[in-house]
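Fold and geometry: a report
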Amino acid sequence: MRSDSFQAVKRFAAMCVEILNGYRPPSQLRPLAHPQKFGDVSDQVLRRTVRIRMNPGNAARKGALVRVRRVLVAEPLAGVAEGVVVLEHGTSSWAMAVRFEKTNRPNFGVFGWVCTLVQVL
């Protein structure tokens with residue numbers, strides 16, 4: 001069975017894809033991000049959103065939706081998870097590096113994991 005940190009990163013990546021495809025507003029990342037880091041996290045996701053934004057109906061008809069190709073997660077320290085999410089859009093692909101930290105509040109984030117850093121590469 002995969003770890004909770006992997007599930008947290010996977011859920012975050014799925015939410016980012018829905019934002020990039022225009023199905024969700026970026027504010028819906030708030031519950032998955034550390035409260036003090038939400039602005040930085042959402043800004044990184046929005047940088048890519050502005051570059052590829054399409055009407056969701058047109059994106060679906062043209063087969064141009066953003067998709068997750070791969071998710072890799074490592075836990076270098078207890079309570080810290082670092083991951084790479086490889087995304088594709090048409091013929092291009094890019095990666096997002098993410099960092100999650102475990103909180104002592106189980107109903108916070110995904111299984112208590114919250115995103116503290118996103119870097120779109």
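So, here is what we can say about the structure in this document. (Residues numbered from 1 in each chain as written. Predicted model: local features only at pLDDT ≥ 70, side-chain atom pairs only at ≥ 80, totals over all residues. Heavy atoms only, no water.)

So, on to the packing of aromatic side chains. This model, assessed by the stated rule, comprises one aromatic pair. Aromatic pair Phe12 and Phe100: ring centres 5.6 Å apart, planes at 85 degrees, arrangement edge-to-face. Taken together, the residues span a long stretch of sequence, with Phe12 in helix 1 (residues 4-20) and Phe100 in strand 3 (residues 92-102) at a distance of 88 residues. The class of Phe12 is buried, set by a relative accessible area of 0%. (Phe/Tyr/Trp six-rings, centres within 6.5 Å; stacked < 30°, edge-to-face > 60°. Helix = DSSP H or I, 4+ residues; strand = E, 2+ residues; numbered from the N terminus. Buried < 20%, exposed > 50% of the residue type's maximum accessible area, 1.4 Å probe, protein only.)

Attention now goes to the side chain of Thr116. Within the secondary structure layout, Thr116 lies in strand 4 (residues 113-120). Apart from the residues lying within four places of it in its own chain, the contact partners of Thr116 are His34, Lys37, Val41, Arg99, Phe100 and Glu101. (Contact = heavy atoms within 4.5 Å.)

For the rest of this paragraph, the subject is the pattern of salt bridges. Taken as a whole and judged by the stated rule, the model has four salt bridges. A salt bridge links Arg69 to Glu88; the shortest N-O distance between them is 3.6 Å. Of this pair, Arg69 sits in strand 1 (residues 66-77) while Glu88 sits in strand 2 (residues 80-89), and the two are 19 residues apart along the sequence. Judged by its relative accessible area of 54%, Arg69 falls in the exposed class. As a salt-bridge pair, Glu82 and Arg99 come within 2.9 Å of each other at their nearest N and O atoms. Here Glu82 is found in strand 2, whereas its partner Arg99 is found in strand 3, with 17 residues between them in sequence. Classification of Arg99 by relative accessible area gives partly exposed; the value is 25%. Through salt bridges that share partners, Glu82, Arg99 and Glu101 make up one connected network. (Salt bridge = Lys/Arg side-chain N within 4 Å of Asp/Glu carboxyl O.)

Residues Phe12, Leu29, Val85, Leu87, Met96, Phe100 and Val118 are the most contacted members of the largest nonpolar core, which totals 30 residues. Taken together, the elements giving at least two residues each to this core come down to helix 1, helix 2 (38-52), strand 1, strand 2, strand 3 and strand 4. In terms of residue count, the dominant contributor to this core is helix 1 (10 residues). Apart from residues lying up to four places away in sequence, Leu87 is in contact with Val17, Leu20, Val66, Arg67, Val68, Arg69, Ser92, Ser93, Trp94 and Met96. (Core = buried A, V, L, I, M, F, W, Y, C linked by side-chain atoms within 4.5 Å.)

Here Ala95 is to be found in strand 3. Put simply, Ala95 and Gln119 are 24 residues apart on the chain and 8.4 Å apart in space, counted from C-alpha to C-alpha. The contacts of Ala95, once residues within four sequence positions are left out, are Val84, Val85, Val86, Gln119, Val120 and Leu121.

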